Amino acid sequence: SAKCQGGEGYRSPLTCRSEKPMSGYVFYVDPDGHWCFWVGDGKWWAGIQGPAAVEGVWTRLEGFVDPAAKAIEFSVDDVLVSRRESV
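This is a predicted model, so every value here is computed, not measured.

### Considering the sheet that holds strand β3 (residues 22-29)
Thought 1: Pairing in this open sheet of four strands is antiparallel, and the strands run β2-β3-β4-β5 from one edge to the other. Edge positions in the sheet fall to β2 (11-18) and β5 (45-52), since each of these pairs with one other strand and no more. The average angle at which neighbouring strand axes cross in this sheet is 5°, direction not considered.
Thought 2: Pairing analysis gives six bridges linking strand β4 (residues 34-42) to β5, with the strands arranged antiparallel. Paired with Trp38 across the two strands is Gly47, which belongs to β5.

Given below as structure tokens:
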């Protein structure tokens, strides 16, 4: 679970990434105030945007990677909010 406590710009409660090669994962609140999930495939970053973050509220974030389907999914509070294919 993560909680957005305000701030500006990109705010990440959990990140594990490398820039060379671009790999790992990132959960963050974007400058527009939405939860996001991104993964790096070694060459580039692919991401999906979720719902607006509610400041001060604990939120369950889950990101799923399906290499066989070349897809990522993002769930917020146990609800699938987005799926992206061709990743």
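What follows picks up the thread again.
### A short note on the packing of aromatic side chains
Geometrically, a pair of aromatic rings is defined through the distance of the ring centres and the angle of the planes.
Thought 1: On inspection of all chains with the given rule, the structure shows five aromatic pairs.
Thought 2: Measuring from centroid to centroid gives 6.2 Å for Phe27 and Phe74, while their planes differ by 45°, and the two rings are tilted. In this pair, Phe27 is assigned in strand β3 and Phe74 in strand β8 (residues 71-76), connecting sequence segments 47 residues apart.
Thought 3: Each residue in the set Tyr25, Phe27, Phe37 and Phe74 is aromatic and connected to the rest through ring pairs, giving one cluster.

Scoring rules and cut-offs
- Residues numbered from 1 in each chain as written.
- Predicted model: local features only at pLDDT ≥ 70, side-chain atom pairs only at ≥ 80, totals over all residues.
- Heavy atoms only, no water.
- Pairing = 2+ DSSP bridges.
- Helix = DSSP H or I, 4+ residues; strand = E, 2+ residues; numbered from the N terminus.
- Axes fitted to C-alpha atoms, helices over the stretch in contact; angles between N-to-C directions.
- Phe/Tyr/Trp six-rings, centres within 6.5 Å; stacked < 30°, edge-to-face > 60°.

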